[in-house]
Every structure is written in C-alpha cells, then in structure tokens.
2 protein chains.
Amino acid sequence: MQKVHAYLNKEYPRFLEELKEYVSIASISAQDDKKQISKCAEWLVAHIKKIGLQVKLFKTKGNPIVVATTRGITKPPLKAISPLSRGRKEKNRRHFLVYGHYDVQPPEPLELWRTSPFKPTVKNGKLFARGASDNKGQNFAHIKAIEAYIKTGTPLPCDLTFIIEGEEEVGSKNLSEFLRKNEKMLSASGVVISDTAMPELETPAITYALRGIAAMEITMRGPDRDLHSGMYGGSLENPAHALAALLATLRDKKTGKILVDGFYDGVTELSRREREELHFGAQDSESYREFLGVKCLFGEKGYSHLEHTTTRPTIEINGITSGYQGKGSKTIVPSVASAKITMRLVPHQKPKNVLMAVRKHLEKNCPETVEMKIESGHGAPPFLFEPTNTLVAAARRAAERVWEKQPRLIREGGSIPIVNDFRDILGLSSLLAGLALPDDNAHSPNEKFELANFKRGMAFSAELWMELSSATPIV
Amino acid sequence: MQKVHAYLNKEYPRFLEELKEYVSIASISAQDDKKQISKCAEWLVAHIKKIGLQVKLFKTKGNPIVVATTRGITKPPLKAISPLSRGRKEKNRRHFLVYGHYDVQPPEPLELWRTSPFKPTVKNGKLFARGASDNKGQNFAHIKAIEAYIKTGTPLPCDLTFIIEGEEEVGSKNLSEFLRKNEKMLSASGVVISDTAMPELETPAITYALRGIAAMEITMRGPDRDLHSGMYGGSLENPAHALAALLATLRDKKTGKILVDGFYDGVTELSRREREELHFGAQDSESYREFLGVKCLFGEKGYSHLEHTTTRPTIEINGITSGYQGKGSKTIVPSVASAKITMRLVPHQKPKNVLMAVRKHLEKNCPETVEMKIESGHGAPPFLFEPTNTLVAAARRAAERVWEKQPRLIREGGSIPIVNDFRDILGLSSLLAGLALPDDNAHSPNEKFELANFKRGMAFSAELWMELSSATPIV
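As the structure is a computational prediction, the values presented were derived from the model and not from experiment.

Caption draft 1: Inspection of the overall build of chain A at higher detail. Broken down by element type, chain A carries 12 helices and 18 strands. A globule of 475 residues ought to have a C-alpha radius of gyration of about 23 Å, and chain A, at 24 Å, matches this closely. Along the longest, intermediate and shortest principal axes, the C-alpha atoms of chain A span 85 × 50 × 45 Å. By residue count, 53% of the 475 residues in chain A fall in the buried class. The long-range fraction of contacts in chain A, counting pairs at least 24 apart against all pairs at least 6 apart in sequence, stands at 79%.

Below, the structure is given as structure tokens:
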C-alpha cells in the first residue's frame, strides 16, 4: 500500500491536469448537447482504457453509460487479503460497483460566475468549474486510486466495476433499464458512491439516510382565455388568486406545520441518542443562516435546522406561473395558474400515500369556481439504513486512517433515487461516502471542489478496497 | 342630411375596402416596430388629406400623433344650425375633439387566430382583423362621416379636430404632453370617443362611468440564490409560499370581500334607481357565464355580475412568477417570488389612498422571514359624470335616430386614463359612444368588428355633429 500512496502523491500534479481536462467538457445533460455529451463519454473511455481497465460504452435511449471493470486484469495477492477471503477462488473474489456520473448541471446564470464555468481555475486550493465537485471530481478520485494500484503492480484485493452515467442531473431515466438488462454482470457485494457531502473540510462523513421525494404539478383553469381585468374583473374567480389561497392552506404560516391530513403518517421522532449524534459537531445555526443568505431561518416549530433538512418532511413550492410576467403591467384575469411542488419525505413515509394525501387536501380545498388538474410526477422513497453494516464499518476504518478522525454518520436532505434502484433491482446496499463540502455550490454558480478532498479522496479510495475485501461477510 | 346619408350608403363598399387597407397595417405599439407604426400614421395622413381636412403629424418622444381638423374648410349653413348658435361669428363656432388611436394590441397567441390577424377577412357581416374594433374601425366611422359632409358639399355645423394617437395600447405616455403643449389649438366644447362597448348589436349605449386603476408589483426575496430543496428545504422560508400566503390574505375566499383596511373608503352604494337603470336590458348571468367560459361566476357577495364589473372595486392578480417554470421539475427553494396586481377603482376611491392601504396591508402581513419590495405602478382615478350633460343629451338623440331605440346609459369596468387627461388638462368632458360589442375580442385572438356597427356608426356620427351644434350650451 505504501507504493500506492507514494504513486498518488507523486502523480498528483498530473491528476489535477487530467481532472481539469475532464471538467472542461460541457457535458450538460439538461441542455441535451449530444456533441459535448459524446465528447465527455469518449474522453472518459479513452482515459480509463489507458489506465488498463476494460471499458465499454453502453448505449441507452438517452446518453451512453461508461462501464469499466478491473475484472480479468488483477489477481488477488494472498498476503493482502484477509483470512476470510483467503483461499477463495478468483471467481469468488468480492466485486463492488462504483457509481458516478459524467453529466453536469447547466451553468446558468452565467453572469454570477467569477470564472468561466468550463475553464477550470485553481485558486486557494480549490478547483472552480461546473462539475468539479458534482460529480466529476469526486468520482475521478476513485478512478485515480485504481490507477495507482495498477501502475504500481499492487494487486487489487477485489474487483470493481465503474458505472458512470450521463443522465444523473436529468433523473437517471435510463439507468434502471441498464441495471435490469445487465443484472448478471453487475452482481456484486455493494455499491460505493461519492456524491454526497462532508460537514466540513476536516471531518469525513458517511451518509446513512436520504430524504425521499414526491413531485406534483397543480394547474388551475378559470376563463377559457385571458380576460380584460377591467371589463370582467370582479365577476369571476381569478385562478391565480385561487391558487395562492389553495397553496396557503398547505402550511401553518406561524408554526411551519404541514396541514395536510395524514401527511406525517409513519414519520418517527428521533431517539435522544440519534438526535445527539445528528447534532454532534454540526454547523451552528447562525453560520448556517449566513451561508443560505437569508434574514432568518424558518422551519417546523420544535426542531433544529439540521432536523428540518434531514428528519422532517416538507412541502416546497419549486415554481409558480400565471398570467403576465414581462415588464410593466398587463391588465388581465389570467386563464391559467400553475404551481410545481415537491414533498421531501422521511422514514417511513411512502411517496404514494403522501401524494394521495396532498391530492385529497387540494381537492377538498379547491373552490368550485375553477377547474383543477393535478399531475403526480416522479417519486422516490426515503432511504435509511442501519449505519452498522459491514460496508459502513469498512469505510469508517478507511476514512479514519486518512483523515485521522472518526467519520461522522450523517443524514442528508436530498434524494438519490438510484440508491433505491441498486437496492430494488440488484439487491445491493450503497455506501455513501461523499467528498463534497456544503459550500461547493453544486447546481449553483461558482461550483468548486476542494483539492484537499481530491487528494484525501484518492487515499481513502485506495484504503477502502482493502478494508472492504477484508471485512466480515457483507450484509 | 339626406345627401350625407345617401353618400354613406353608396360609398360603403369602398369604405370597407379602405378600412381593410387600414387594418392590414401591423401598427403594434407594444412591439415597437417603427416601420409599421410610421406606415400606418402616414397612411392615415394621406387618407385624411384626400378627404379634404388639414392634417399634420405631430412628433412625440414615442409614436407620432395624427391631428386633422376641419377648421378653415367649412362654413356654417345658417339653416342647419339652431337658433342658439345662429348669428355666432365663425370663430365662435363650436369645436369638438374626436379622439382615437391607430396603434393595436399584439396579435399573439397567433395559433388561436382562425384567420391571419393582418389579412382582414369579412365573414357573416363581421370584419376579422387585429384593430378592426379596437380602435381603427370605430374611429374610421367618424372619419367617413366627415368625408360625407365634405364630398356632398354639406356644410359642417361645427368644427372637428381628430386626435389619433399611436400609443394608446402602451399607456398613452406622450399624449398628456401633447395636450399641454397644444392647449390653445385644442380649445373645444368636448371630446367624442368611440372606444367603448354597446351591450348588444341592436342597443346603442353611452358610457358614463369607468373604473379607475392602480397597479402594483410585489417582490419577495428569500435566499440570495435558488437553493437545493432537498439539502435546505424545510429550514428557511420559501418566498413562493410566503407570497401565496400573503396574496391569500387580500380577500375573503368565501365572500369575495377585499380584506384590506380602508380599501372601500369612499365607495358608495348605488341608489335603487341607478341599480335598476344599470340592470335594465342587461345580459343575463347565464349567458354572461357562458361568454366568459367559466364553470360559474364568482364575485363580492351581495352584488350582481354587472355591479361586480362596474360599481365595485377589485384586486386582481395579473401575473405571478417564481422559481422553475419549464417542463418537468427542478427541485429548488426559489430565491424570488413576485406578483403583479391591479386594483380597479370606483367612485370615489383615490388611487393614491388605495395604493397606500394595500401597501400597509401587505407590510403588516408579510412575514419577517423574507424581504419584500413593493413598487407602485400607474394609476388613474375612476371616471363618472352625470349622464345628463348636453353632450350626452345630443348623443342620445343622434343614436335614437339611427338605431330607432333609446341608447342605454352604462358603466364600464375598464379604465380610459386619457379621459382624465382631457378633463384635467383641457377642462373637457368626454362623450363615450362606443361601437364595439362585448364579443369583439379586443386584445384577444379573432378580433372582429360588426359591419352593421360600422354603418350605423357612420350615420350616428353624421347626426351627432348636428345635434351637438344645436344643443343648449355645453356643460
């Protein structure tokens, strides 16, 4: 292992240049620029091939998936594996999947970037570029760790298959079909994903819970065309007004409590121990408020901001649209008003039940004066596992060795629906070992990746495969 | 007068062709196509010159104003004027202004038009084109009546000055300055405007009240950028939610009553006589509902739909915008949410006081969790005159002669701010004798003008000058 770490240190300047090349490709899936998407996937294929892995581009109905495996190129060194795996036949070697994505979010609004999003710039130990943190940089750390094994002739103690998709930012539409079709090839002991956050630079973390999600779009129709508000206003319901009034009923504006019957069904309170663990070493509310750029925080009464974002469900309005939105005024009673909302779910809420409860509430409270249409969108259940499984145990040991500090076990407020796909289609647990920081500006202007996390991430990845291979049977 | 009417009948086919030419010019002020605006103004100048009026194009900071006068070309025929005006010197002849506008609304959405908006099409006695009714067709009827006087050698009993502007659809921004600068030239006994509606094809109408208007834009800011709704949602106020809740406080959703303190200050109830007059011969609520294309009507409890749109004030949301409005979903807590609202005012509300009352209400009810900015926009006081003045009396007699029916005295819900300018700058009363029908689709796709109203409008105009000149002193 010393050789591996020495290689990672020595070659780091080159790795950084390679990462800069990788993030300079504008592989924006939402804008569907096939040329840049292909360019990025092909860059990745060529790069991984040079390292020595077998690599293939899998076509999908959307963007291709890069699949690369160490199978067939490595032999287990007897001295490097634990007594438990010693004596296994090669075909019984453990096999892990490493998931990542090469697509990125759109960079807009461009005027808020201090450097050009696709001209990677290093400043104060940070790499600024779209995709630097989410997810190219984080995933690249794993690729480089494997390169170190191969190039130093250090036998890998297990096999790895990288699955690097190009549609994560647009809902991973074609990943589940790929998993279903390639179940046999993807048979493994677990999935490793670095696409979550650490609480701060010096504190590694394993994420053991994610919120689920349920999306909905509400459309209200009043008159069959926009009407002159002078000539007709006052004699008919204005759908924008009706929608505002309806959305207002969803929440108690003083306590922040959701007022939908059955919304909190299944939601459990944290035990005192869980609560303490969650808050241990967490960011204080004042610096969190400052980071969000708000006058004051606001959330469900009786819970901390950390609980609000991880263990409490919410209803958020993601967008509202109605009538005239240009400059000046246009005096109409709009024909239509609509809102996009998403519910973030916590254990043990079910997307289907929550969608049903919200729909019932909306139908009950919608005035007769308008036509309402409700479309339910995508949903993903919340994700929670006991952070005591062998994947986590191995990751904790590997992280401790690199950061010289016990990693924190954290819950995150976001949703990673593919984690459910890995569980439901392949029967696999995922290890969420993120290298991002809360201020990395994922999805926002001025995205950056801490180069300290890139370095430690590579070292962590190198240690992780050893730990995972020597661990007691995978649960 | 028989010669005049005979001429109008005989030349009608040519007039229609001329009107078609006029409406085929896409003089869309909102889209600021200077070429089409100029083309239209120049077409009008050339056309009116050919008729024999003195005509001039007045430049403004925006679109030019066409000003045409009969002064200097007509002599008062002694037999045609009343005893009261007989003996007046020519320079004491009565002088009236005829106001109209040659600009039109944008035709969008184009896909809803059954015929091309600038390819005028006659079908079932209706002329379909943008501007056919609002306002080219209505105003053209007056121009053609004057042509009939001149071409038949019938002396005009009074002088007329046409003021045809090119910015009515964008707020008549430069008209008041024009009025101020040309006060002397525009000294007159009253203004005649045909830019309002008749209740139905066979019933002429004089409009004696208009609602006023006050506009406002509310902007709420939460976080200083859109935030990931998974990572942060639940711990801060969502400005879209706060805005919806705030807008909901403006109105009692059951009774439709505005809940703003002081909003109804100065509003008077109609007397029984006024109420009866208002409802006499009015459209029944079921056919009105059908015309609006709504499931049911809704308005302030205790008032009819006719009262809602003419004698009761309202607050309408004209547009709301926040967050993501594209296809699918984007899981954000939006940084900003905003709404455009307009209040329609009735006698004797004051725009300034209403704006102040609404502002106070919003400030009182805005949560501390967001920053709110309120911008007050344009305002115009309501307009009401006693429908007993001599302008109205003359118009009633002229209309009765043409339609063989007493015109109705109606209130309209819209606002015509220039009416206030004529009063405040020139001290003139306006006569609102509209030729539009409620289903003319002004501002909407498939605008049309009833050719019966074009014909009767010309005859009415011809009679009107006689009546106005013979009337007792103008009030």
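Caption draft 2: Representation of helix 7 (residues 272–279) of chain B within the structure. The buried count for helix 7 of chain B comes to 0 of 8 residues, which makes it a mostly uncovered element. At the exit of helix 7 of chain B stands B:Gly281, carrying a positive phi of roughly 70°.

Caption draft 3: Spotlight on the sheet that holds strand 4 (residues 121–123) of chain A. All names here are of chain A. Strands sit in the order 4-5-18 across an open sheet of 3 strands; the sheet is antiparallel. Each end of this open sheet is capped by a strand with a single partner; those strands are strand 4 and strand 18 (448–450). Pairwise comparison of adjacent strand axes, ignoring direction, gives a mean angle of 25° for this sheet. Along the sheet face, helix 3 (residues 132–151) touches strand 5 (126–128) and strand 18 and points at about 40° away from the line of strand 18. Contacting strand 5 and strand 18, helix 12 (residues 451–470) crosses the sheet at an angle of about 55° to strand 18.

Caption draft 4: Main features of the packing of helix 10 (residues 390–403) of chain A against helix 12 of chain A. Residues and elements named next belong to chain A. Orientation of helix 10 relative to helix 12, taken along the N-to-C sense of each, is 140°, at an axis distance of 8 Å. With respect to each other, helix 10 and helix 12 are oriented oblique. As helix 10 packs across helix 12, the resulting crossing turns out to be right-handed. Between helix 10 and helix 12, the residues in contact are Ala394, Ala395, Arg397, Ala398, Ala399, Arg401, Val402 and Trp403 and Arg456, Ala459, Phe460, Glu463, Leu464, Glu467 and Leu468, respectively. Partitioning the contact of helix 10 with helix 12 into residue classes produces 10 nonpolar, no polar and 5 charged.

Caption draft 5: Spatial organisation of the interface of chain A and chain B. With 71 residues of chain A at the interface, the matching set in chain B holds 71 residues. It is strand 11 (residues 314–323) of chain A that provides the largest number of residues to the side of chain A that touches chain B, a total of 9 residues. Of the residues contributing to the side of chain A that touches chain B, the split by class is 24 nonpolar, 31 polar and 16 charged. When strand 11 of chain A meets strand 11 (residues 314–323) of chain B, the two strands line up antiparallel, connected through 5 bridges. The partner of A:Gly319 across the bridge, within strand 11 of chain B, is B:Gly323.

Caption draft 6: Broad picture of the relation of the copies chain A and chain B. With an RMSD of 0.2 Å, chain A superimposes on chain B once it is rotated by 179° and translated 0.1 Å along the axis. Overall, the copies show the geometry of a two-fold rotation axis. Taking C-alpha positions as the reference, the residue of chain A nearest the rotation axis is A:Ala244, at 2.2 Å. Both copies share a contact surface, since 100% of the interface residues of chain A are interface residues in chain B too.

Caption draft 7: Broad picture of helix 12 (residues 417–426) of chain B. Residues and elements named next belong to chain B. Within helix 12, the full set of buried residues consists of Ile418, Val419, Asp421 and Phe422. Around the axis of helix 12, the buried residues are gathered within 155° of arc, so they sit on the same side. Contacts from the buried residues of helix 12 go to strand 3 (95–101), helix 4 (175–181), strand 7 (190–193), strand 8 (205–210), strand 15 (383–384) and strand 17 (430–432). Within two residues after helix 12, Gly427 carries a phi angle of roughly 70°, on the positive side.

Caption draft 8: Region of the structure containing the sheet that holds strand 9 (residues 212–221) of chain A. Strand order in the open sheet formed by 8 strands is 14(A)-9(A)-13(A)-11(A)-11(B)-13(B)-9(B)-14(B), with antiparallel pairing between adjacent strands. Unpaired on one side and paired on the other, strand 14 (371–380) of chain A together with strand 14 (371–380) of chain B mark the two borders of the sheet. With strand direction ignored, the average angle separating the axes of adjacent strands in the sheet is 20°. The strands touched by helix 5 (residues 239–248) of chain A are strand 9, strand 11 and strand 13 (336–345) of chain A together with strand 11 of chain B; relative to strand 13 of chain A, the strand with the most contacts, the crossing angle is about 20°.

Caption draft 9: Spatial organisation of unusual backbone geometry. Note that the residue after A:Glu108, namely A:Pro109, is joined by a cis bond; omega there is 0°. Phi at A:Ser172 is positive, roughly 45°, even though this residue is not glycine.

Caption draft 10: Representation of the pairing of strand 7 (residues 190–193) of chain A within the structure. Residue and element names in this part refer to chain A. Neither face of strand 7 is left uncovered, since the one carrying Gly190 and Val192 and the one carrying Val191 and Ile193 both have all their residues buried. Across 4 bridges, strand 3 (residues 95–101) lies against strand 7 in parallel orientation. Residue pairing in the sheet places Tyr99 in a bridge with Ile193 of strand 7.

Caption draft 11: The domain arrangement of chain A, seen in detail. All names here are of chain A. One can read the domain layout of chain A as domain 1 (2–210 + 382–470) and domain 2 (212–267 + 313–379). The centre of domain 1, based on its C-alpha atoms, is set 38 Å off from the matching centre of domain 2. Contacts between domain 1 and domain 2 engage 5 residues on the former and 8 residues on the latter. Split by residue class, the side of domain 1 that touches domain 2 holds 2 nonpolar, 3 polar and no charged.

Caption draft 12: The confidence of the model for chain A, seen in detail. Residue and element names in this part refer to chain A. In this model, chain A carries an average pLDDT of 92, and 95% of its residues clear a pLDDT of 70 or more. Every residue in residues 76–88 scores below 50 in pLDDT, and together they form 20 contacts with partners more than four places removed in sequence or on other chains. With pTM at 0.84, the complex prediction returns an ipTM value of 0.84.

Caption draft 13: Representation of the packing of helix 1 (residues 2–23) of chain A against helix 12 of chain A within the structure. Residue and element names in this part refer to chain A. Close contact between helix 1 and helix 12 brings their axes to 10 Å; oriented N to C, the two are set at 155°. It follows that helix 1 is roughly antiparallel to helix 12 by the angle criterion. The element helix 1 and its partner helix 12 pack so that their crossing is right-handed. Here helix 1 contributes Val4, His5, Leu8 and Tyr12 to the contact with helix 12, which in turn contributes Lys455, Met458, Ala459 and Ala462. Here the contact of helix 1 with helix 12 is composed, by residue class, of 6 nonpolar, 1 polar and 1 charged.

Caption draft 14: Representation of the environment of A:Val66. All names here are of chain A. With respect to the helices and strands, Val66 occurs in strand 2 (residues 65–69). Assessed through the 25 C-beta atoms surrounding it within 10 Å, Val66 is described here as buried. Sequence-wise, Val66 and Arg408 are 342 residues apart; in three dimensions their C-alpha atoms are separated by 31 Å. If we ignore the near neighbours within four places in the chain, the residues touching Val66 are Ala41, Leu44, Val45, Val55, Leu57, Tyr102 and Ile164.

Caption draft 15: Here's a closer look at the environment of B:Arg225. Tracing the backbone through its elements, the reader meets B:Arg225 in the loop between strand 9 (212–221) and strand 10 (227–228). B:Arg225 sits in the partly exposed class, given 19 other C-beta atoms within 10 Å. With 198 residues separating them along the chain, B:Arg225 and B:Arg423 place their C-alpha atoms 48 Å apart. Non-local contacts of B:Arg225, meaning those with residues more than four positions away in its chain, are made with A:Gly293, A:Ser444 and B:Ser335.

Caption draft 16: Representation of the environment of B:Ser172 in the model. Residue and element names in this part refer to chain B. The topology assignment puts Ser172 in the loop between strand 6 (159–165) and helix 4. Overall, the presence of 22 C-beta atoms within 10 Å leaves Ser172 in the buried class. Along the chain, Ser172 and Pro417 lie 245 residues apart, while their C-alpha atoms are 8.4 Å from each other. Leave out the neighbours within four places in its chain, and Ser172 touches Glu165, Glu167, Pro417 and Ile418.

Conventions we followed
- Residues numbered from 1 in each chain as written.
- Chains lettered and ligands numbered in written order.
- Predicted model: local features only at pLDDT ≥ 70, side-chain atom pairs only at ≥ 80, totals over all residues.
- Helix = DSSP H or I, 4+ residues; strand = E, 2+ residues; numbered from the N terminus.
- Rg over C-alpha atoms; globule rule 2.2 N^0.38 Å.
- Buried ≥ 20, exposed ≤ 12 C-beta atoms within 10 Å, placed from the backbone.
- Contact = placed C-beta atoms within 7 Å.
- Pairing = 2+ DSSP bridges.
- Axes fitted to C-alpha atoms, helices over the stretch in contact; angles between N-to-C directions.
- Parallel < 35°, antiparallel > 145°, perpendicular 65-115°, else oblique.
- Left-handed = near helix turned anticlockwise from the far one by under 90°.
- Nonpolar A, V, L, I, M, F, W, Y, C, P; charged D, E, K, R; others polar.
- Least-squares fit on C-alpha atoms with pLDDT ≥ 70 in both.
- Arc of directions from axis to C-beta.
- Domains from an automatic or database assignment.
- pLDDT = per-residue confidence, 0-100.

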